Amino acid sequence: MNAKRDRDRLVSTAIAASRHAYVPYSRFPVGAALLAANGKTYGGCNVENAAYPSTLCAERTALVKAVSEGDRDFLAIAVVTRSGGSPCGSCRQMLYEFSPDMQVVVATLEGEIRYEVALQELLPRGFGPSGLVG
């Protein structure tokens with residue numbers, strides 16, 4: 001990953017994706033952009049539902065798009081919100097399943113980067129496929 005160039009591109013893609021968010025309840029749009037190891041980028045936005053547990057986060061939307069198209073190895077994800085909030089626990093777990101070493105860039109909707117960290121730091125001692133081996 002070319003750090004600055006890829007980071008800026010991911011944040012821009014995540015901001016663009018956030019504009020498609022379906023957020024009639026929270027009014028809190030979130031965008032994500034996931035960078036696959038092959039260089040392909042997948043955008044995602046949050047999609048709320050009146051049955052709240054059925055809501056999908058932007059990070060999981062991007063991840064499911066990528067996996068459904070055959071990609072399963074990722075280098076980085078950018079997540080943008082108004083407040084620069086972190087990915088939720090469910091998103092951290094879903095991302096960890098595929099690439100615990102990926103970089104996570106968290107930024108505001110204006111593109112201000114709040115922090116960049118390895119996913120393993122956001123989900124220390126995460127449970128992944130290797131945990132199923134006895």
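Each remark here, short or long, concerns the structure printed above.
In this text, all values refer to a predicted model and were calculated from it rather than measured experimentally.

## Focus on the pattern of salt bridges
- On inspection of all chains with the given rule, the structure shows 5 salt bridges.
- D8 is the partner of K4 in a salt bridge, and the nearest nitrogen-oxygen pair spans 2.7 Å. Taken together, the residues span about one helical turn, with K4 and D8 both in helix α1 (residues 3-18) at a distance of 4 residues.
- For K4, a relative accessible area of 52% corresponds to the exposed category.
- Residues E112 and R114 are paired through a salt bridge, measuring 3.3 Å at the closest nitrogen-oxygen approach.

## Some remarks on helix α3 (residues 89-98)
- Residues of α3 that are buried: C91, R92, L95 and Y96. The arc that holds the buried residues of α3, viewed along the axis, is 135°, so those residues lie on one side.

## Concerning the packing of helix α2 (residues 58-68) against α3
- Taken N-terminus to C-terminus, the directions of α2 and α3 make an angle of 25°; their axes are 9 Å apart at the nearest point. As summarised for this structure, α2 and α3 are arranged roughly parallel, according to the angle between their axes. The crossing of α2 and α3 is left-handed. Facing α2, whose interface residues are E59, R60, L63 and V67, α3 presents S90, C91, M94, L95 and F98.
- For the contact of α2 with α3, the residue count by class is 6 nonpolar, 1 polar and 2 charged.

About the criteria used
Residues numbered from 1 in each chain as written. Predicted model: local features only at pLDDT ≥ 70, side-chain atom pairs only at ≥ 80, totals over all residues. Heavy atoms only, no water. Salt bridge = Lys/Arg side-chain N within 4 Å of Asp/Glu carboxyl O. Helix = DSSP H or I, 4+ residues; strand = E, 2+ residues; numbered from the N terminus. Buried < 20%, exposed > 50% of the residue type's maximum accessible area, 1.4 Å probe, protein only. Arc of directions from axis to C-beta. Axes fitted to C-alpha atoms, helices over the stretch in contact; angles between N-to-C directions. Parallel < 35°, antiparallel > 145°, perpendicular 65-115°, else oblique. Left-handed = near helix turned anticlockwise from the far one by under 90°. Contact = heavy atoms within 4.5 Å. Nonpolar A, V, L, I, M, F, W, Y, C, P; charged D, E, K, R; others polar.

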